[in-house]
Amino acid sequence: MFIQTEATPNPATLKFIPGRVVADSPVEFASRESATRSPLAEKLFEVPGVTGVFYGSDFITVTKANGEWQQLKPAILGAIMEHYMSGAPLLADGAVQADADLDDEDEFFDEADAETVDMIKDLIETRVRPAVANDGGDITFRGFKDGIVYLNMKGACSGCPSSTATLQHGIQNLLKHFVPDVVEVRPM
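The following refers to the structure shown. Worth saying up front: this structure is predicted, and the values here are computed from it rather than measured.

1. As for the sheet that holds strand S6 (residues 108-109)
Working step 1: Pairing within the open sheet is mixed, and its four strands lie in the order S6-S7-S8-S9. Edge strands, defined here as strands with exactly one partner in the open sheet, are S6 and strand S9 (184-187).
Working step 2: Where S6 meets strand S7 (residues 137-145), two bridges bridge the pair, whose relative direction is parallel. Bridge pairing in S7 links Phe-108 to Gly-143.
Working step 3: Here helix H4 (residues 114-134) sits on the sheet and contacts S6, S7 and strand S8 (148-155); the angle it forms with S7, its principal contact strand, is near 165 degrees.
Working step 4: Lying over the sheet, helix H5 (residues 163-178) contacts S7, S8 and S9, oriented at roughly 145 degrees with respect to S9.

Take a look at the structure:
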């Protein structure tokens, strides 16, 4: 098994590409406690310095608090390879619902804005998420109120130094162009 690695715009996050489907929908593990849903995430959190794990459709991003990638990478690659060779499931049986389902439950917006929200979600889904996934992360709609779009950044995007610029100059400009009701975009 050959696992490729790619740098992300976030220097604290590295993207690992195992060459197979990883997750049907994005899943984030922001702590060791949340990793109990996934045998692989648990193993990755055992690597000293690992503070986050994110599963995309065909990649895994790992975020570190400290340490150098050249020291951490062999242990991370070993854990990923061992997991896939074992045939163990990515998510434990009876694992809580996917992050996408949880995100949908927590959305907030006025029903009068439903048409605007549908346009925003469509733009995020078709134009923003694919680009963000290339960088090892994900972005999801959280809410819309008073012209402000609230988004949740995951994976490599969470805590990335360039995420503010991405939000302000890229996503905000895109949404304002296509949806006149949008005045600002903020992370949540």
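From this point on, the discussion continues.
2. Digging into H4
Working step 1: Along its 21 residues, H4 runs 29 Å from first to last C-alpha, staying within 8% of the 30 Å computed at 1.5 Å per residue.
Working step 2: If you look at H4, its biggest bend is around 45 degrees, right at Val-128, and the proline Pro-130 turns up within four residues after that.
Working step 3: Elements in contact with the buried residues of H4: S6, S7, S8 and H5.

3. A few points about H5
Working step 1: The end-to-end C-alpha separation of H5 is 21 Å, in line with the 22 Å expected for 16 residues at 1.5 Å each.
Working step 2: Maximum bend of H5: about 35 degrees, positioned at Gln-172.

4. Here we look at the environment of Ala-79
Working step 1: With respect to the helices, strands and loops of the structure, Ala-79 is situated in helix H2 (residues 69-86).
Working step 2: For Ala-79, a relative accessible area of 8% corresponds to the buried category.
Working step 3: Residues Ala-79 and Ser-162 lie 83 residues apart in sequence; the distance between their C-alpha atoms is 29 Å.
Working step 4: The residues touching Ala-79, leaving out its near neighbours within four places in the chain, are Leu-40, Lys-43 and Leu-44.

About the criteria used
- Along each chain, residue indices are assigned from 1 in the same order as the chain's sequence is written.
- pLDDT decides what is reported in this predicted model: residues at 70 or higher carry local features, side-chain atom pairs at 80 or more are listed and counted, and totals for whole chains, interfaces and linings draw on all residues regardless.
- With hydrogens and water set aside, each side-chain value is computed from the structure's full complement of heavy atoms.
- Paired strands, in this sense, are two strands between which DSSP finds at least two bridges.
- Numbering goes from the N terminus for both helices and strands, where a helix is a DSSP run of H or I of at least four residues and a strand is a run of E of at least two.
- A contact between two residues is defined here by any heavy atoms of the two lying within 4.5 Å.
- The convention used is that axes are lines fitted to C-alpha atoms, helices contributing only their stretch in contact, and that angles between N-to-C directions extend from 0 to 180 degrees.
- A helix is expected to span 1.5 Å for every residue after the first.
- Across the chain, bend at a residue is computed as the angle between axes fitted to the seven residues ending at that point and the seven starting from it.
- Here's how the labels work: a residue is buried when its accessible area is under 20% of the maximum for its type, exposed when over 50%, partly exposed in between, all with a 1.4 Å probe on protein chains only.

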